[in-house]
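The chain contents come next:
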Amino acid sequence: MQRQLGVNTWVWTSPLDDRQLEELAAKAQGFGYELLELPVEVPGGWDPAAAADVLAQRGMGARIVGAMGDGRDLLDARTLASTQEYLRHCVDVAVTVGSPTVAGPFTARTGRVWRMDVGERRAMIAALRTALTPVADYAADREVTLAIEPLNRYETSIINTVEQGLDALEPLFERGGIGLALDSYHLNIEERSPADAIRRAGAHCHVVQVCGSDRGPVGVDHTDWEGFFDALDDIGYAGPLTLESFMGNNDTIATAASIWRPLAATQDDLARISIDFLTDLQTRRSS
């Protein structure tokens, strides 16, 4: 199966603006990417309608991701309403640019971790379901899926694994508007078998992000990419694969993603090595 290949603008910049978006669309297409993954870090930081025009002129697609930084938390009463409004805004952006999904760790602020006993965890999951329900309904009404991303244990204590994601979100799946986003980096840390975790997610997997096991380029790492692709084939995942990695010259991003050293000689190299590997792998598997 030949899946579209995309790249997140976080590979090069944060936060994104209109000028950078146009430049990065040209760069990414030059490397062979067919779509851009666009973060909504600061609502209004870039113009969704203008982005849609830029990408349409190039025949490129878009996928939207959100960011749960300071002030965004569905499990904090002080920020619940504003976080729900932020997620509705992300859905509106997705509609404008033609993205069927909005992906991200839409639970608590990224980096917020705490211990919970069984009763506390049960109450937290109940609160999360309640907080997500109106946003999921909003997304479903607009034919968009909020794809909730399990994060590794150092970035959250809420949903680390696919199994936890399925358990937490199961009552919401039948309503529509909710699914899972799987990131090879987090799967590598938290899952005993990333391939088995993908199979466990099954039809609930709506987004797949990839990078090397060290957050660097795809294909020069220890990930079993053949096994990874076998699992995607088994669940019939036909969506794009988007490269998500980061640059280290933005304090917020560097701290959130723990980017303390260069992950490739240049960010262009990171993007180029990844698409060369993924293109070659897909070609070989399709022949």
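J.: Which parts of the structure should I look at to understand helix 1 (residues 18–31)?
T.: Since the α-helix turns once every 3.6 residues, residues separated by three or four places project in the same direction. Taking 1.5 Å as the rise per residue, helix 1 with 14 residues should run 20 Å; its terminal C-alpha atoms sit 20 Å apart, in good agreement. Summarising the contacts, the buried residues of helix 1 are in contact with strand 1 (5–8), strand 2 (35–40), helix 2 (48–58) and helix 10 (267–286). Of the residues flanking the start of helix 1, the one acting as N-cap is Asp-17, its side-chain oxygen 3.2 Å from the backbone nitrogen of Arg-19. Note on helix 1: the residue one or two positions beyond its end, Gly-32, has a positive phi of about 115°.

J.: Would you mind going over the packing of aromatic side chains with me for this structure?
T.: Working definition: an aromatic ring pair is given by the centre-to-centre distance plus the angle between the planes. Throughout the structure, instances matching the rule amount to three aromatic pairs. With centroids separated by 5.5 Å and ring planes inclined at 45°, the aromatic side chains of Trp-10 and Phe-246 adopt a geometry described as tilted. Highlighted residues: Trp-10 in the loop between strand 1 and helix 1 and Phe-246 in the loop between strand 8 (241–243) and helix 9 (251–257), separated in sequence by 236 residues. Assessed through its relative accessible area of 5%, Trp-10 is described here as buried. Given a relative accessible area of 7%, Phe-246 falls into the buried group. Above the plane of the ring of Tyr-86 lies Arg-72, whose end atom (NZ or CZ) is 3.7 Å from the centre. A cation sits over an aromatic face here: Arg-112 above Trp-114, 4.4 Å from the ring centre.

J.: Would you explain the pattern of salt bridges in this entry?
T.: Should the charged atoms of two oppositely charged side chains come close, the side chains can pair. A complete count under the given rule lists 18 salt bridges for this structure. Of the charged contacts, one joins Glu-85 and Arg-88 as a salt bridge, the two residues approaching to 3.3 Å between their closest N and O atoms. Here Glu-85 pairs with Arg-88, and both are found in helix 3 (residues 80–97), just three residues apart, close to one helical turn. Taken together, the shared-partner salt bridges connect Arg-3, Glu-226, Asp-230, Asp-233, Asp-280, Arg-284 and Arg-285 into one network.

J.: Got a minute to help me understand the environment of Asp-137 in this structure?
T.: Looking at the element boundaries, Asp-137 is found in helix 4 (residues 118–141). Classification of Asp-137 as partly exposed rests on a relative accessible area of 25%.

About the criteria used
Residues numbered from 1 in each chain as written. Predicted model: local features only at pLDDT ≥ 70, side-chain atom pairs only at ≥ 80, totals over all residues. Heavy atoms only, no water. Helix = DSSP H or I, 4+ residues; strand = E, 2+ residues; numbered from the N terminus. Expected span 1.5 Å × (residues − 1). Contact = heavy atoms within 4.5 Å. Polar contact = N/O pair within 3.5 Å; in protein donor to acceptor, adjacent residues only side chain to side chain. Phe/Tyr/Trp six-rings, centres within 6.5 Å; stacked < 30°, edge-to-face > 60°. Buried < 20%, exposed > 50% of the residue type's maximum accessible area, 1.4 Å probe, protein only. Lys NZ or Arg CZ within 6 Å of the ring centre and 35° of its normal. Salt bridge = Lys/Arg side-chain N within 4 Å of Asp/Glu carboxyl O.

Coordinates in, geometry out; function isn't part of it.
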